[in-house]
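Listed here are the chains, written in short residue letters.
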Amino acid sequence: MSKQKDFVKFENVDKSYDGKVLVVKNLQLDISEGEFITMLGPSGSGKTTCLMMLAGFETPTNGEIYLGGKAISSIPPHKRGIGMVFQNYALFPHMTVYENLAFPLRVRKIPKDEADKKIDKALSMVSLQGFASRMPGQLSGGQQQRVAVARSLVFDPQLVLMDEPLGALDKNLRESMQYEIKHIHESIGVTVVYVTHDQSEALTMSNRIAVFNDGKVQQLSSPDELYEKPVNSFVAEFIGENNTFNGEVSDVSGGKCKVKLANAEIIANPISVKSKGEKTKVSLRPERALINPKDKMDNIHNGKIEEVIYHGDHTRVRINLLGNPEFILKVPNSSANLDIKLGNEIKIGWNSEDARALDPK
Amino acid sequence: MSSETKQILTTDGIPLEVSLKKAERKNKIKAFLLVAPLLFFLIITYVFPIGDMLFRSVDDKMVTQMLPKTFKAMENWDGQELPEEEVFAAFHEDFIKLVEDKREGKLSTQLNYTKNGFKSIIKKLRRASKKFEEGNYKEQIMAVHKRWADVEYWRAIQRRAPEFTGQKYLKGMDMYVNEEGKIVSVEEDRRIHRVLWLRTLEIAFFVTVFCFLMAYPIAHLLATLPMKYSNLLMICVLLPFWTSLLVRTASWMILLQQQGIVNDFFVGIGLVADDNRPEMMYNKTGSYVAMTQILLPFMVLPLYSVMKTISPSLMRAGKSLGGTPFIAFWKVYFPLTIPGIGAGCLLVFILAIGYYITPALVGGASGTLISNQIAFHMKSTLDWSFASAMGLMLLSGVLVIYWLYNKIVGIDNIKLG
């Protein structure tokens with residue numbers, strides 16, 4: 001069976017709760033079969049609303065959502081056959097783990113022996129064999145989380161939605177669950193739509209990430225592209241760390257542009273600027289700037305070290321550079337970089353293609 | 001292990017255990033002193049009156065003390081034939097003493113509880129006894145009235161000999177000890193209490209059911225509506241709660257009477273004919289309607305407090321897993337509200353079973369409950385011991401219901417808020 005390219009399709013979807021404010025604006029999104037796609041964004045950006053519309057708990061104010069080529073706006077949630085993992089797990093507290101998993105099978109009238117097999121399989125998938133007779137209250141947060149995942153998969157849905165499922169777990173558990181969910185996704189090939197506001201979660205798990213802000217998808221691309229090549233300054237700032245310079249484009253030529261800052265000029269990569277005179281925000285990842293560069297780089301400037309924070313494997317250095325007192329550098333801890341001292345003047349260099357001139361916003 | 005490690009000492013050399021007790025003692029005394037007023041209050045207002053009621057309901061010393069010699073003389077009487085002269089003489093002696101103290105009226109009241117007909121013959125005996133000659137009292141007393149020559153009346157007196165009696169309880173169940181000393185039911189047409197007990201249970205049961213049916217959707221709405229609407233609704237639920245019970249009952253009288261608003265409305269829309277207005281008050285209907293409305297908040301509040309804690313995502317999960325809205329409700333939501341249902345039903349049922357004012361005002365003859373009968377004996381017949389006995393029967397009924405509830409649902413599952 002060939003993978004369907006637009007297995008889930010949002011077509012011109014608008015959503016408003018009060019008739020005054022649009023929480024989701026003209027959303028276009030195609031999700032292909034078997035994909036792990038993450039909706040990432042700050043709270044209130046509309047990502048959970050999109051998920052709820054897909055699950056059927058909210059109706060789009062305008063536009064249509066297609067699942068497997070069929071419009072689903074008029075289908076009630078229980079007929080959509082979409083598995084869902086809720087933020088606080090939503091395990092049925094009065095049922096055992098077994099009964100929780102049996103619920104979707106019973107309502108589908110699957111015979112008991114077949115259901116038992118499915119439940120066993122689902123429980124072993126999340127390595128919780130032997131927990132079937134426990135009540136959810138007797139499980140730890142991580143175990144409850146796994147039960148919730150198992151329950152969303154036990155009836156073999158084509159699509160599973162996860163609404164910030166790891167939000168309530170502590171850091172270590174969250175990381176191990178990230179891998180676990182990723183492995184489950186890889187092994188059974190189900191399509192997953194995952195909602196989170198945690199960017200590292202999104203980067204580690206997803207095939208593609210849709211960055212939401214202000215009811216719109218700001219960028220939809222693979223994790224590395226999102227990080228390396230943000231298309232606007234919101235994405236650049238939301239994903240990972242970022243150094244910025246605000247300025248005005250003074251020249252665009254040959255795939256490069258010159259940006260005039262308050263008292264200097266830098267060379268950057270024009271992404272969303274077209275012509276001279278435009279305001280812009282230049283974005284540069286901390287690890288792309290080097291101290292005392294040996295290679296030839298087209299941007300080399302002097303800065304003063306304002307703060308040095310030791311992080312073990314690397315040191316973060318805050319530098320006052322070209323009028324930006326918040327310029328951050330990540331310096332690997334090797335013997336070559338031992339001369340980083342507070343108050344020293346150092347040379348900083350970077351390549352112009354790493355400095356992305358984005359919208360000013 | 002050496003002995004030093006067994007007994008741990010604090011730095012100043014006192015054994016740790018002693019030291020701990022000493023440190024805790026102050027707190028324990030403080031805590032006790034804090035609750036002591038309440039404990040005292042409970043003993044005075046709860047334990048003591050109930051104990052007194054229990055005592056009163058079985059206490060039968062009055063007659064025993066009024067006729068001490070008679071009962072002493074009766075010890076040898078087998079109760080088959082009329083007693084011997086010895087008993088009559090003793091009775092005469094006791095009776096003269098009572099007449100001197102002007103207490104023979106009380107005796108007649110007491111004996112009349114046991115058997116009807118004592119009142120008049122004691123009055124006659126009092127008058128006649130002034131002219132009695134010494135000796136052969138049996139003949140003289142029997143001559144006063146033919147009932148004094150009836151062995152049944154003497155047996156009735158003998159039954160009052162013990163200091164304690166369970167008769168009032170039997171009477172509460174429409175039973176009595178007959179001449180042969182067996183417990184039997186009274187004739188069918190004289191049974192009033194059993195009907196009342198059954199009616200009390202029936203009305204309490206149906207009021208609970210009606211309350212549940214009405215309160216469940218209200219509580220659900222309260223728990224799911226946005227704050228600004230739910231607050232308003234909550235006030236609507238609580239407003240009657242803050243109004244005097246008497247006022248609410250009176251307003252139901254205005255609504256339900258034959259010329260009342262509800263009847264006018266029915267006539268107005270042509271549901272009933274003007275000359276055939278249904279009676280909705282002074283019968284069971286009145287009790288049902290008014291009690292349901294008055295007890296409704298007691299069902300709404302526990303239900304609401306439980307429903308408030310049920311995450312809406314559970315219903316969503318139920319639906320997303322493929323359950324129809326009904327299945328999601330029935331399998332997920334409803335079982336989670338059972339603690340609230342249990343609390344509400346228990347509360348309403350127990351309150352309804354002892355309800356007094358409302359049935360007294362709108363219940364009429366066919367809508368009154370056992371508590372009205374208790375009040376009747378407290379205020380009108382002044383048979384306090386009987387009222388106490390029925391009160392205790394009611395209390396034990398409630399305890400039985402509580403026990404049953406605990407067996408079936410489990411009292412830990414209850415949630416009042």
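Predicted model only: the values in this text are computed from it and were never measured. Per-chain numbering applies: the sequence of each chain, read as written, is numbered from 1 onward. Labels follow written order: the first chain is A, the first ligand is 1, and so on. Totals for whole chains, interfaces and linings use all residues, but because this is a predicted model, local features are given only for residues with pLDDT of at least 70 and pairs of side-chain atoms are given and counted only at 80 or more.

## What to know about the overall build of chain B
Then, number 1: Each helix is a run of DSSP H or I of at least 4 residues and each strand a run of E of at least 2, with the numbering of both proceeding from the N terminus. Looking only at helices and strands, chain B features 20 helices and two strands.
Then, number 2: For 417 residues, the compact-globule estimate of 2.2 N^0.38 gives 22 Å, and the C-alpha radius of gyration of chain B, at 32 Å, exceeds that figure by more than 25%.
Then, number 3: Taken along the three principal axes of its C-alpha coordinates, chain B extends 100 × 95 × 35 Å.
Then, number 4: Residue burial in chain B is summarised as follows: out of 417 residues, 30% are buried. Atoms considered for the radius of gyration are the C-alpha atoms alone. The globule rule reads 2.2 Å times the number of residues to the power 0.38. To assign burial, the other C-beta atoms lying within 10 Å of each residue's own C-beta are counted, with C-beta atoms placed from the backbone; 20 or more indicates buried, 12 or fewer indicates exposed, and intermediate counts indicate partly exposed.

## As for the overall build of chain A
Then, number 1: On a plain count of helices and strands, chain A comes out with eight helices and 20 strands.
Then, number 2: Relative to its full complement of 361 residues, chain A shows a buried share of 40%.
Then, number 3: Looking at chain A alone, contacts between residues at least 24 apart form 65% of all its contacts between residues at least 6 apart. By the convention adopted here, residues are in contact when the distance between their C-beta atoms, placed from the backbone, does not exceed 7 Å.

## Focus: the packing of helix H6 (residues 104-114) of chain B against helix H7 (residues 118-129) of chain B
Residues and elements named next belong to chain B.
Then, number 1: Orientation of H6 relative to H7, taken along the N-to-C sense of each, is 150 degrees, at an axis distance of 8 Å. In terms of axis orientation, H6 runs roughly antiparallel to H7. Once H6 is placed against H7, the crossing between them reads as right-handed. Residues Glu104, Leu107, Ser108, Leu111 and Asn112 of H6 pack against Phe118, Lys119, Ile122 and Arg126 of H7.
Then, number 2: When its residues are assigned to classes, the contact of H6 with H7 shows four nonpolar, two polar and three charged. What counts as an axis is a line fitted to C-alpha atoms, over the stretch in contact for a helix, and the angles between N-to-C directions run from 0 to 180 degrees. For classification purposes, angles smaller than 35 degrees are called roughly parallel, those larger than 145 roughly antiparallel, those between 65 and 115 roughly perpendicular, and all remaining angles oblique. Here a crossing is called left-handed whenever its near helix is offset anticlockwise from the far helix by less than a right angle, and right-handed whenever the offset is clockwise. Note on residue classes: Ala, Val, Leu, Ile, Met, Phe, Trp, Tyr, Cys and Pro are nonpolar, Asp, Glu, Lys and Arg are charged, and everything else, Gly too, is polar.

## As for the domain arrangement of chain A
Think of interface size as the accessible area that goes away when the parts come together; that is how it is often given.
Residues and elements named next belong to chain A.
Then, number 1: Throughout the structure description, domain borders are defined by an automatic or database domain assignment. Entries for chain A in the domain assignment read domain 1 (8-233) and domain 2 (241-358).
Then, number 2: Computed over C-alpha atoms only, the centres of domain 1 and domain 2 are separated by 39 Å.
Then, number 3: Residue-level contacts link four residues of domain 1 with six residues of domain 2.
Then, number 4: For the side of domain 1 that touches domain 2, the residue count by class is two nonpolar, two polar and no charged.

## Comments concerning the pairing of strand E10 (residues 216-221) of chain A
Then, number 1: Pairing analysis gives five bridges linking strand E9 (residues 208-213) of chain A to E10(A), with the strands arranged antiparallel. When the sheet's bridge partners are listed, A:Asn213 is paired in E10(A) with A:Lys216. Two strands qualify as a pair provided that DSSP identifies no fewer than 2 bridges between them.

## Description of the domain arrangement of chain B
All names here are of chain B.
Then, number 1: One can read the domain layout of chain B as domain 1 (3-58), domain 2 (61-163) and domain 3 (193-413).
Then, number 2: Put simply, the middle of domain 1 and the middle of domain 3, counted by C-alpha atoms, are 40 Å apart.
Then, number 3: Counting residues at the interface gives four residues for domain 1 and six residues for domain 3.
Then, number 4: Taken together, the residues of the side of domain 1 that touches domain 3 break down into two nonpolar, one polar and one charged.

## Focus: the interface of chain A and chain B
Then, number 1: If you look at the interface, chain A gives 19 residues, while chain B gives 15 residues.
Then, number 2: Secondary-structure elements contributing two or more residues to the side of chain A that touches chain B are strand E6 (82-85) and helix H2 (97-107) of chain A.
Then, number 3: In terms of residue count, the dominant contributor to the side of chain A that touches chain B is H2(A) (three residues).
Then, number 4: Taken together, the residues that form the side of chain A that touches chain B break down as 13 nonpolar, four polar and two charged.

## Concerning the confidence of the model for chain A
Then, number 1: Taken residue by residue, chain A gives an average pLDDT of 85. The fraction at 70 or more is 98%.
Then, number 2: When pLDDT is averaged over each helix and strand of chain A, the minimum, 80, is found for strand E15 (residues 290-291) of chain A and the maximum, 92, for H2(A). Across the chain, each position has a pLDDT score giving the predictor's confidence in that residue, from 0 to 100.

## Considerations on the pairing of E6(A)
Along a regular strand, successive side chains alternate from one face of the sheet to the other.
Residue and element names in this part refer to chain A.
Then, number 1: Residue alternation in E6 divides its side chains into two sets, Ile82 and Met84 and Gly83 and Val85, and both sets are buried.
Then, number 2: Two strands pair when backbone bridges link them, and E6 and strand E7 (residues 159-163) are joined in this way by four bridges, in the parallel orientation. Across the sheet, the residue bridging to Val85 is Met162, located in E7.

## Some thoughts on the sheet that holds strand E5 (residues 70-71) of chain A
All names here are of chain A.
Then, number 1: Spatial strand order, E2-E1-E4-E5: four strands in an open sheet with antiparallel pairing. Two strands close off the open sheet at either side, each with one partner strand: strand E2 (22-31) and E5.
Then, number 2: Relative to E2, strand E1 (residues 8-16) runs antiparallel, the two being bridged by six bridges. Bridging across to E2, Val8 finds its partner in Ile31.

## Some remarks on the environment of B:Arg316
Then, number 1: Relative to the helices and strands, B:Arg316 resides in helix H16 (residues 312-320).
Then, number 2: You can call B:Arg316 buried: it has 21 C-beta atoms within 10 Å.
Then, number 3: For the pair B:Arg316 and B:Lys284, spaced 32 residues apart in sequence, the C-alpha to C-alpha distance is 43 Å.
Then, number 4: Ignoring sequence-local partners within four residues, the contact set of B:Arg316 consists of A:Phe57 and A:Ala90.

## Some thoughts on H7(B)
Residue and element names in this part refer to chain B.
Then, number 1: Here, expected helix span is obtained from the residue count minus one, scaled by 1.5 Å. A rise of 1.5 Å per residue sets the reference length of H7, with its 12 residues, at 16 Å; its end C-alpha atoms lie 16 Å apart and thus fit the reference within 8%.
Then, number 2: Turning to H7, its buried residues number three or more, namely Phe118, Ile121, Ile122 and Leu125. Angularly, the buried residues of H7 cover 100 degrees about the axis, an arc narrow enough to put them on a single face.
Then, number 3: As for H7, its buried residues are in contact with helix H5 (85-100), H6 and helix H8 (137-144). Each direction from the helix axis to a C-beta atom contributes to the arc, which is the arc of those directions.

## Thoughts on unusual backbone geometry
Then, number 1: The phi dihedral of A:Asn12 falls on the positive side, at around 50 degrees, and the residue is not glycine.
Then, number 2: Its place among the elements puts A:Asn12 in strand E1.
Then, number 3: Phi at B:Tyr282 is positive, roughly 60 degrees, even though this residue is not glycine.
Then, number 4: With respect to the secondary-structure elements, B:Tyr282 resides in the loop between helix H14 (261-268) and helix H15 (284-308).
Then, number 5: C-beta crowding within 10 Å serves as the criterion here: with 20 such atoms nearby, B:Tyr282 is assigned to the buried category.

## Digging into the environment of B:Gln140
Residues and elements named next belong to chain B.
Then, number 1: Note that Gln140 resides in helix H8.
Then, number 2: Of the residues examined, Gln140 has 19 C-beta atoms within 10 Å and is grouped as partly exposed.
Then, number 3: C-alpha of Gln140 to C-alpha of Phe88: the two residues are 52 residues apart in sequence and 9.4 Å apart in space.

## Side note on the environment of A:Met177
Then, number 1: Examined against the element boundaries, A:Met177 turns out to sit in helix H5 (residues 171-188).
Then, number 2: For the pair A:Met177 and A:Gly303, spaced 126 residues apart in the sequence, the C-alpha separation amounts to 42 Å.

## What to know about the confidence of the model for chain B
Residues and elements named next belong to chain B.
Then, number 1: For chain B, the mean per-residue pLDDT works out to 85, and 96% of the residues sit at or above 70.
Then, number 2: For chain B, the element scoring lowest by mean pLDDT is helix H1 (residues 3-6), at 54; helix H11 (residues 193-224) scores highest, at 92.
Then, number 3: The ipTM, which scores confidence in the relative placement of chains, is 0.79 for this predicted complex, and the corresponding pTM is 0.77.

## A look at helix H13 (residues 245-256) of chain B
Then, number 1: Across its 12 residues, H13(B) extends 16 Å between first and last C-alpha, which sits within 8% of the 16 Å expected from 1.5 Å per residue.
Then, number 2: In this fold, the buried residues of H13(B) make contact with H14, H15 and helix H18 (357-362) of chain B.

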